[in-house]
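Reading the structure
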Amino acid sequence: MSNVTVCARFRPLSSKEIRDLCVRGIDPETFVFQDDKEDEFTFSLDRVFYEDSCQAAVYDFLALPIMIDAVNAINGTIITYGQTGAGKTYSMEGPGLQDCDEHKKGLLPRVVDGMFDQISSSKDIASFTVKLSMVEIYMEKVRDLLDLSKGNIQIKENKTQGILLSGVTEVPVSDSAEALHYLSTGLANRAVGETQMNISSSRSHCAYLFTIQQDSDKDKRTKTGKLILVDLAGSEKADKTGAEGKVLEEAKTINKSLSALGNVINALTSGSPSKANHIPYRDSKLTRILQDALGGNSRMALLCCCSPSTSNASETLSTLRFGMRAKHIKASPRASEVKSAKTQEESSSITKDEKCGRILEKMKERMSNEDIKMLEEVFIQEGIIFSPDSIEEVETAYEDVASKTIKSLQQTVEELLLKIKKLETDNKGIQEQALRNYVPDLVGKMPRFISSWYASFFTS
Ligand SMILES: Nc1ncnc2c1ncn2[C@@H]1O[C@H](COP(=O)(O)OP(=O)(O)OP(=O)(O)O)[C@@H](O)[C@H]1O
Ligand SMILES: [Mg+2]
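Since we're looking at a predicted model, the values are computed, not measured.

Two elements in contact, helix 6 (residues 245–269) and helix 9 (residues 313–326), have axes whose closest approach is 9 Å; the angle formed by their N-to-C orientations is 40°. Relative to helix 9, the crossing made by helix 6 is left-handed. Mapping the contact onto sequence places Leu261, Gly262, Ile265, Asn266 and Thr269 in helix 6 and Phe322, Arg325 and Ala326 in helix 9. Classifying every residue of the contact of helix 6 with helix 9 gives four nonpolar, three polar and one charged.

Of the residues in the protein, 77% have a pLDDT of 70 or more, and the chain-wide mean is 84. Every residue in residues 340–350 is under pLDDT 50, and counting partners more than four places away or in other chains gives seven contacts. Note that residues 388–392 has pLDDT below 50 and, in this model, seven contacts with residues that lie over four places away or in other chains.

Examined against the element boundaries, Ser318 turns out to sit in helix 9. With 235 residues separating them in the primary sequence, Ser318 and Gln83 have C-alpha atoms 9.1 Å apart.

The subject of this paragraph is the layout of surface pockets. Its volume calculated, the second largest pocket comes out at about 1000 Å³. What lines the second largest pocket is a set of 46 residues, among which Arg11, Gly85, Ala86, Gly87 and Asn198 lie closest to the centre. At the level of secondary structure, the elements contributing two or more residues to the lining of the second largest pocket comprise strand 2 (5–10), helix 2 (88–93), helix 4 (176–188) and strand 14 (201–202). When residues in the lining of the second largest pocket are grouped by element, the largest group, five residues, is from helix 2. Residue composition of the lining of the second largest pocket, by class: 14 nonpolar, 20 polar and twelve charged.

As a further point, take the nonpolar core. Counting 50 residues, the largest nonpolar core has Phe31, Leu165, Leu261, Leu294 and Leu320 as the members making the most contacts within it. Looking at this core, the element that brings in the most residues is helix 6, giving six residues. Listed in part, the 42 residues of the second largest apolar core include Leu107, Phe116, Val173 and Ile212.

Turning next to the packing of aromatic side chains. Summed over all chains, the structure comprises five aromatic pairs. Between Phe10 and Phe31 the ring centres are 5.5 Å apart and the planes differ by 80°, which places this aromatic pair in the edge-to-face class. Remark: Phe31 occurs in strand 4 (residues 30–34) and Phe10 occurs in strand 2; sequence separation between them is 21 residues. Phe31 carries the same exposure label as Phe10, and that label is buried.

Let's shift gears to the coordination of the magnesium ion (ligand 2). Each donor-metal-donor angle in an ideal tetrahedron of four donors is 109.5 degrees, and each such angle in an ideal octahedron of six donors is either 90 or 180 degrees. The protein atoms that coordinate the magnesium ion (ligand 2) are Thr89 (OG1) and Ser202 (OG), at distances of 2.0 to 2.2 Å. Of this pair, Thr89 sits in helix 2 while Ser202 sits in strand 14, and the two are 113 residues apart along the sequence. We classify Thr89 as partly exposed; its relative accessible area is 22%. Ser202 sits in the buried class, given a relative accessible area of 9%.

With that settled, consider the sheet that holds strand 5 (residues 40–44). Ordered in space as 3-4-5, the three strands form an open sheet in which the pairing is antiparallel. On the outer flanks of this sheet lie strand 3 (23–25) and strand 5, each paired with one strand and no other. Geometrically, the sheet is characterised by an average inter-axis angle of 25° between neighbouring strands, direction not taken into account. In the sheet, strand 4 pairs with strand 5 via five bridges, with the strands oriented antiparallel. What sits directly across from Gln34, in strand 5, is Glu40. Of the strands in this sheet, strand 4 and strand 5 touch helix 9, which is tilted by about 35° from strand 5.

About the criteria used
- Residues numbered from 1 in each chain as written.
- Chains lettered and ligands numbered in written order.
- Predicted model: local features only at pLDDT ≥ 70, side-chain atom pairs only at ≥ 80, totals over all residues.
- Heavy atoms only, no water.
- Axes fitted to C-alpha atoms, helices over the stretch in contact; angles between N-to-C directions.
- Helix = DSSP H or I, 4+ residues; strand = E, 2+ residues; numbered from the N terminus.
- Left-handed = near helix turned anticlockwise from the far one by under 90°.
- Contact = heavy atoms within 4.5 Å.
- Nonpolar A, V, L, I, M, F, W, Y, C, P; charged D, E, K, R; others polar.
- pLDDT = per-residue confidence, 0-100.
- 1 Å grid on protein atoms, 1.4 Å probe; cavity = no way out; pocket = protein on both sides within 12 Å on 5 of 7 lines; lining within 4 Å.
- Points joined across faces, edges and corners; volume = space filled by probe spheres on them.
- Core = buried A, V, L, I, M, F, W, Y, C linked by side-chain atoms within 4.5 Å.
- Buried < 20%, exposed > 50% of the residue type's maximum accessible area, 1.4 Å probe, protein only.
- Phe/Tyr/Trp six-rings, centres within 6.5 Å; stacked < 30°, edge-to-face > 60°.
- Donors = N, O, S within 2.8 Å, 3.2 Å for Na, K, Ca; no water.
- Pairing = 2+ DSSP bridges.

Quick look at the structure:
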């Protein structure tokens, strides 16, 4: 079981910050942090990057191994986290995505270049298809940055593919230049505003999603790796940023979703491992989109971006504590959808049929009190959905099972109608036979009212 890679990065002091550094490095992993009351805290992470560290060093340590794994179909997620103005977007993008000084290029363009290099060196093994999507979470709505008409993308969950963005634009990209062109177009649509802490402050969380599919001719296998890069909006205090009006509203939403992220990390890393405790993924769009990554189905790297100034000590301390917590997430990334083209169809049809059979049996047993609650129970037992709270999931699973249920019920009704017809014919024969054998005799002996009652019984 491999854990999450957590690094800290201290940016250079800004022109507004006084020259009192709060960090003293001990070795590549360990440093001493001093807060504004001069209390000292020692932190040990996977790697610490200081103000003189270059973008390439961060990429090589934090992102390169995850990018290589994603090309080999192991899902990966890379997140930049930290206070506003701490260097998240600088680390993720650099000063720009295209035509940028090679030395200053951020993680995203390096990942894109590296991914296509990796793909071309593996082309003799398989053929690759890369698709790109790009969304931002702005004011708790997921917006498609490659198609602004999709302003409220729904998040759905599917047992085989995990978390999905319903209807999101996916553009096929065949090389690095094409991918960077789309990424730049999408980025121009991202919400950015000016605050006293950052003249170019991200007002939304931004996720760059790559789906890398490889089809091998040799063994007819298809593998898919998902790679997600997330540049979070930063936590902020209104008195420092001077936020008011719309910017203040944005800040409140950003802080709320970041605290939801903190709650998810706390829930994942506290409590006994044997006891399944509730993880509040649904408390924000951010945690919902990151559910697979946080839940351990994906390799994850977290870059905790920090100011090196004592004036931001409390925010830095909270960023570092968040990183320490995240280190304890247990991850067990696995290759996704690794199946040969032939057996994929066979095995999926068998398991689906079995599942449907079991669901139908349970539904038939309880037809009289059939309701949504029962459907949810069945879906969860069968692993089609993971929680009963979401109407979206119930709808998705319902669509899948309901059509099969209706078909099966129609068949049952048809069988019943045939049986009824046969019984009616049999009954008519018996009735005629009975009348032929006994009625003349009985009618002769019985009082008139009994004979008429007897005749009406057979004809009804
Ligand atoms: N490692 C670094 N080297 C040089 N400049 C940096 C570095 N990190 C950040 N900066 C500069 O600091 C400023 C703030 O950085 P950035 O916009 O990346 O912050 P952020 O964490 O994304 O903030 P927000 O949450 O408000 O979006 C920018 O002007 C950026 O160029
Ligand atoms: Mg930013």
